[in-house]
Amino acid sequence: MATPSKSGFPKLPASLTAERRGEVAILTLKRPQKRNALDDVTILGIEAFFTMLPAGIKAVVLHGAGEHFSAGLDLGELTERNVAAGVEHSRMWHRAFDAIQFGRVPAVAVLHGAVVGGGLELAAAAHIRIAERSAYYALPEGSRGIYVGGGASVRLPRLIGVARMQDMMLTGRSYDAADGQAIGLSHYLVEPGAGLAKGITLAERIATNAPLTNFAVLHVLPRIAESDPASGYLAESLMAAIAQGSDEAKARLKDFLEKRGNKVLPG
Ligand code: 1HE
């Protein structure tokens, strides 16, 4: 397991860099010469980063250096793997991306250029996706004779539906940034070069929420959404009561009632 460096982040491979900006951590895929293709050390580095975030970090921004977010799985590492090693490899990706989706803090992914194969699987594990207009999405596994292995079968149908994912995999269809936004692959669409600033702004806003609310949004809401309605309503009531009973909620509600809280204004 990686050990923390002076910055408080775990030691990362050369393909990743981490930077701290106040309460926000920025993780950069830094292998542009290979279009940020995801090799094993990068996947393990992503897992280490998200499981060992320094204290005080309240949100993460994930983006890619160079012209593309990520070209997906490093195809160079694939050729020699047998079936058992293939299962293990996929399970390693699942662990790493679960560390994002069910991590301690919300993650904002900033997408540009190719967001393909495993790159799209990585993006799908984040909680917020910002697409620059250069972004495009594809699942080229079909043409490579392989299958998604980084969680796409679970996460993508929940974003865009089984039918669209089948189309992407069967026909090799690419969605551009505008169409990706329309079908729900991204939450925000911004001009080229504007994604990182937008990501940091959103992450800073996320960091101002009460930690218990962010915990509920990350860990309770998705479980409720997958459960039967009766269990879901019960879990929601319990979570609502826990959040409401916290000192943080009491202080924030008092602030609003005494005219110190923010007003909710149109977007
Ligand atoms: C790579 C990879 C890669 C680039 N693995 N080395 N992913 C794909 O099928 C996408 C494959 N990549 C591409 O389609 C293109 O590279 C891009 C459209 C992303 C970018 O094109 P371009 O013209 O900017 O770059 P390039 O010249 O194609 O690539 C530059 C270098 O990156 C080159 O290496 P070089 O040593 O010859 O300079 C490429 O070989 C290398 N490169 N992409 C390895 N993916 C858990 S299961 C997930 C399954 C999947 O993700 S399948 C999808 C795989």
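Thresholds applied
- Residues numbered from 1 in each chain as written.
- Predicted model: local features only at pLDDT ≥ 70, side-chain atom pairs only at ≥ 80, totals over all residues.
- Heavy atoms only, no water.
- Near = heavy atom within 4 Å.
- Polar contact = N/O pair within 3.5 Å; in protein donor to acceptor, adjacent residues only side chain to side chain.
- Areas by Shrake-Rupley, 256 points an atom, 1.4 Å probe, with all protein chains shown as cover.
- Helix = DSSP H or I, 4+ residues; strand = E, 2+ residues; numbered from the N terminus.
- Nonpolar A, V, L, I, M, F, W, Y, C, P; charged D, E, K, R; others polar.
- Phe/Tyr/Trp six-rings, centres within 6.5 Å; stacked < 30°, edge-to-face > 60°.
- Buried < 20%, exposed > 50% of the residue type's maximum accessible area, 1.4 Å probe, protein only.
- Lys NZ or Arg CZ within 6 Å of the ring centre and 35° of its normal.
- Contact = heavy atoms within 4.5 Å.
- Pairing = 2+ DSSP bridges.
- Axes fitted to C-alpha atoms, helices over the stretch in contact; angles between N-to-C directions.
- Core = buried A, V, L, I, M, F, W, Y, C linked by side-chain atoms within 4.5 Å.

Draft legend 1. Main features of the site of the ligand. Taken together, 23 residues lie near the ligand, and Lys34, Arg35, Ala71, Gly118 and Arg144 sit nearest. Gln33 has a polar backbone atom sitting 3.4 Å from an oxygen atom of the ligand. A distance of 2.6 Å separates an oxygen atom of the ligand from a polar atom in the backbone of Gly118. Protein chains shield 65% of the accessible area of the ligand, which is 1,000 Å² for the free molecule. Put simply, the parts of the chain that give the shell around the ligand at least two residues each are β5 (114-116), α3 (118-125) and α4 (141-144). By residue class, the composition of the shell around the ligand is 10 nonpolar, seven polar and six charged.

Draft legend 2. The arrangement of the packing of aromatic side chains in detail. Summed over all chains, the structure comprises three aromatic pairs. Ring plane angle 20° and centroid distance 5.5 Å describe the contact between Phe9 and Phe49, whose orientation is recorded as stacked. With Phe9 in the segment before β1 (16-21) and Phe49 in helix α1 (residues 40-51), this pair connects stretches of sequence that are 40 residues apart. Judged by its relative accessible area of 3%, Phe9 is buried. By relative accessible area, Phe49 is classed as buried at 0%. Chaining the aromatic ring pairs together yields one cluster made of Phe9, Phe49 and Phe50. Its end group placed over the ring of Phe102, Arg223 keeps NZ or CZ at 4.1 Å from the ring centre.

Draft legend 3. View of the side chain of His219. Checked against the element boundaries, His219 lands in helix α9 (residues 211-226). A polar atom in the side chain of His219 sits 2.8 Å from the backbone oxygen of Gly103. With residues near it in sequence (within four places) discarded, His219 still touches Phe102 and Gly103.

Draft legend 4. Highlighting the sheet that holds strand β8 (residues 175-176). Read across the sheet, three strands follow the order β5-β7-β8 without closing on themselves; strand pairing throughout is mixed. This sheet does not close on itself; its edge strands, each paired only once, are β5 and β8. Here two bridges tie strand β7 (residues 136-138) to β8, and the two strands are oriented antiparallel to one another. Bridge assignment links Tyr137 to a residue of β8, and that residue is Tyr175. Across the sheet, α3 lies against β5 and β7, angled at about 85° from β5, the strand it touches most.

Draft legend 5. Broad picture of the side chain of Arg155. Inspection of the secondary structure puts Arg155 in helix α5 (residues 152-160). The exposure class of Arg155 is buried, given its relative accessible area of 10%. Residues in contact with Arg155, not counting those within four places in the same chain, are Phe97, Asp98, Gln101, Ala124, Ala125 and Gly150.

Draft legend 6. Spatial organisation of the nonpolar core. Counting residues in each nonpolar core, the largest one holds 49 residues, and the members touching the most others are Ile46, Phe49, Phe50, Leu122 and Tyr137. It is helix α2 (residues 83-101) that contributes the most residues to this core, six residues altogether. Judged by nonpolar contacts, the second largest core, of 12 residues, contains Ile26, Ala59, Val110 and Ala203.

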